[in-house]
Amino acid sequence: MPNIALLPGDGIGPEVAVSAVAVLNAVADDLTFEEHPAGGAAIDLHGTALTDEALAAVKASDAVLLGALGGPKWDTNEPGAVRPEQGLFKLRAELGLYANLRPIRPLPALYDASPLKRELIEGVDMLIVRELTGGLYYGERGTKDGRAFDTMVYTVAEIERIARAGFNAAKSRVTSVDKANVLDTSRLWREVVTRIHADEFPNIELEHILVDAAAMKLIAAPRHFEVIVTENMFGDILSDEASMLTGSLGMLPTASLGGTGPSLFEPVHGSAPDITGKGIANPIGMILSGALLLRHGLGREAQAAAVESAVDKALEKGIRTGDLGGTATTAEVTEAVLKELT
Ligand code: NAD
Ligand code: IPM
Ligand code: MN
């Protein structure tokens, strides 16, 4: 009986968590879910974004499913203050989840929901491999006397392992994205990725692109990309950009892998305070994160594929939330997916 640690979090997190749990229970009859507050919800209850007790329960679980953390209620400019996002950083670091996979596969049924022309996005099948436990998010930082700083740090070992994750995920081409014309971390990144390629993956094509040009090319020629491997913050920004190829940020799932314990699955989007409580959030990114949990977290390929196929079929029949130009509610989209599973 796999035990899933469920962290619904804040804002629309709990709204889309309900959808994912319903779909997971429909496709697998042996999952147990143990819920814990995280982010703002945990700050309100316990004064910290992730309690030691919740962290211990997460570590003892078989996989972690997370909604979204954060929101204006807990936004503060106070240096050193408790923030919901700290829960996320703690989870990623404590579980050793350095490899964040963000697949971007626009569905034919949604080509017209994207602001980009159909002929640009037809056939796009891309994976962003985002480094998740290093870089600016984890470097030394501070604010003092009218001066603030964040430092970007990468070690050779950190770059080697994320480069391998990128090459292992690729069939023919890896695009490494950096800012090697400016940053020392990027020059080291480029050197290490080039060496890992030559030594271990010579049959895969490797190209290096500067992040500003990559941001442009993602829109101008998205089919060019197969696997993008990049550092933490570049991956964060490029994946929200790339989400528009699928029609909405609400569509993208992620898998955070690489640790020795449970892996973590969450949508790319955040807590969407502007639509919280209205019942209109797109649950697909969260439902597809459930599919990734089945595939990468529990090794259940058939069940994962069943969820993905049910999502495709429901969308082919025309159901859409507002972010995709439709009028359906979260519950209606969830029902439509469930119907395709039975
Ligand atoms: P956001 O992703 O929450 O929202 C950006 C825009 O996309 C909003 O207009 C929102 O309504 C829309 N959107 C996002 N998900 C949607 C969905 N499923 N269905 C329909 N529309 C959707 O980003 P933000 O507004 O910049 O951040 C809000 C809060 O979320 C912040 O506190 C941020 O730190 C947090 N955040 C958390 C995570 C996470 O937990 N993994 C990820 C991103 C942002
Ligand atoms: C994401 C989010 C987080 C990140 C925020 C909430 C800290 O944007 O998972 O993409 O930047 O990693
Ligand atoms: Mn993000």
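An unreviewed UniProt entry annotates the protein chain as 3-isopropylmalate dehydrogenase originating from Solirubrobacter ginsenosidimutans. Turning to the protein chain, the UniProt annotation filed under Sequence similarities (unreviewed entry) states: "Belongs to the isocitrate and isopropylmalate dehydrogenases family. LeuB type 1 subfamily." Note on the protein chain: under the UniProt heading Catalytic activity (unreviewed entry), the record states "(2R,3S)-3-isopropylmalate + NAD(+) = 4-methyl-2-oxopentanoate + CO2 + NADH".

Asker: I tried to follow the site of ligand 1 on my own but got confused; where do I start?
Answerer: Inspection of the region around ligand 1 gives 21 residues, with L69, E85, G270, A272 and D274 positioned closest. Take G71: an N or O atom from its main chain is 3.0 Å from an oxygen atom of ligand 1. In the complex, the protein chains occlude 70% of the 800 Å² of accessible area that ligand 1 would expose alone. Here the residues of the shell around ligand 1 are counted per class, giving 10 nonpolar, seven polar and four charged.

Asker: I keep staring at the sheet that holds strand β4 (residues 99–104) and nothing clicks. Help me out?
Answerer: Hydrogen bonding along the main chain pairs the strands of a sheet, whether they run parallel or antiparallel. As summarised here, the arrangement of the 10 strands in space is β2-β1-β3-β12-β11-β4-β5-β10-β8-β9, forming an open sheet in which the pairing is mixed. Where the open sheet ends on each side, the last strands, each with one partner, are β2 (32–35) and β9 (205–210). Along the sheet, successive strands turn relative to each other by an average axial angle of 25°, direction set aside. In the sheet, strand β8 (residues 173–178) pairs with β9 via six bridges, with the strands oriented parallel. Note that in β9 the partner of S176 across the bridge is H208. The sheet strands contacting helix α9 (residues 232–243) are β4, β5 (126–131), β8 and β10 (227–230), and the helix crosses β5 at an angle near 150°.

Asker: Before we go on, may I ask you to explain the UniProt feature "binding site: substrate" (unreviewed entry) in the protein chain in this structure?
Answerer: When the UniProt feature table is mapped onto this chain numbering, "binding site: substrate" (unreviewed entry) sits at R92, R102, R130 and D212. The greatest C-alpha distance among the residues just named is 26.7 Å, and with 121 residues of sequence between them they are spread in space as well. Structurally, R92 can be placed in helix α4 (residues 85–95). Residues contacting R92, with those up to four places away along its chain left out, are L97, R130, L132, T133, Y138 and E266. Classification of R130 by relative accessible area gives buried; the value is 2%.

Asker: Please clarify how the packing of helix α10 (residues 284–297) against helix α11 (residues 301–316) should be interpreted in this entry.
Answerer: For any two helices packed against each other, one specifies the inter-axial angle together with the distance between the axes. Viewed as axis vectors pointing N to C, α10 and α11 meet at an angle of 160°, and their least axial separation amounts to 7 Å. Classified by the interaxial angle, the pair formed by α10 and α11 is roughly antiparallel. Crossing of α10 over α11 shows left-handed handedness. Each of I284, I287, L288, A291, L292, L294 and R295 in α10 lies in contact with α11, whose residues at this interface are E301, Q303, A304, A305, V307, E308, V311 and L315. Residue composition of the contact of α10 with α11, by class: 11 nonpolar, one polar and three charged.

Asker: Just checking my understanding: could you explain the site of ligand 2 for this structure?
Answerer: Taken together, E85, L88, F89, R92, R102, R130, Y137, D236 and V268 make up all the residues around ligand 2. R102 is positioned with one of its side-chain polar atoms (N or O) 2.9 Å from an oxygen atom of ligand 2. In the model, an oxygen atom of ligand 2 is placed 2.9 Å from a nitrogen or oxygen of the D236 side chain. About the coverage of ligand 2: the protein hides 79% of its 320 Å² of free accessible area. Of the residues forming the shell around ligand 2, the biggest block, four residues, is contributed by α4. Its residues assigned to classes, the shell around ligand 2 comprises four nonpolar, no polar and five charged.

The rules we used
- Residues numbered from 1 in each chain as written.
- Chains lettered and ligands numbered in written order.
- Predicted model: local features only at pLDDT ≥ 70, side-chain atom pairs only at ≥ 80, totals over all residues.
- Heavy atoms only, no water.
- UniProt positions renumbered as here; feature names shortened; annotations may be inferred.
- Near = heavy atom within 4 Å.
- Polar contact = N/O pair within 3.5 Å; in protein donor to acceptor, adjacent residues only side chain to side chain.
- Areas by Shrake-Rupley, 256 points an atom, 1.4 Å probe, with all protein chains shown as cover.
- Nonpolar A, V, L, I, M, F, W, Y, C, P; charged D, E, K, R; others polar.
- Pairing = 2+ DSSP bridges.
- Helix = DSSP H or I, 4+ residues; strand = E, 2+ residues; numbered from the N terminus.
- Axes fitted to C-alpha atoms, helices over the stretch in contact; angles between N-to-C directions.
- Contact = heavy atoms within 4.5 Å.
- Buried < 20%, exposed > 50% of the residue type's maximum accessible area, 1.4 Å probe, protein only.
- Parallel < 35°, antiparallel > 145°, perpendicular 65-115°, else oblique.
- Left-handed = near helix turned anticlockwise from the far one by under 90°.

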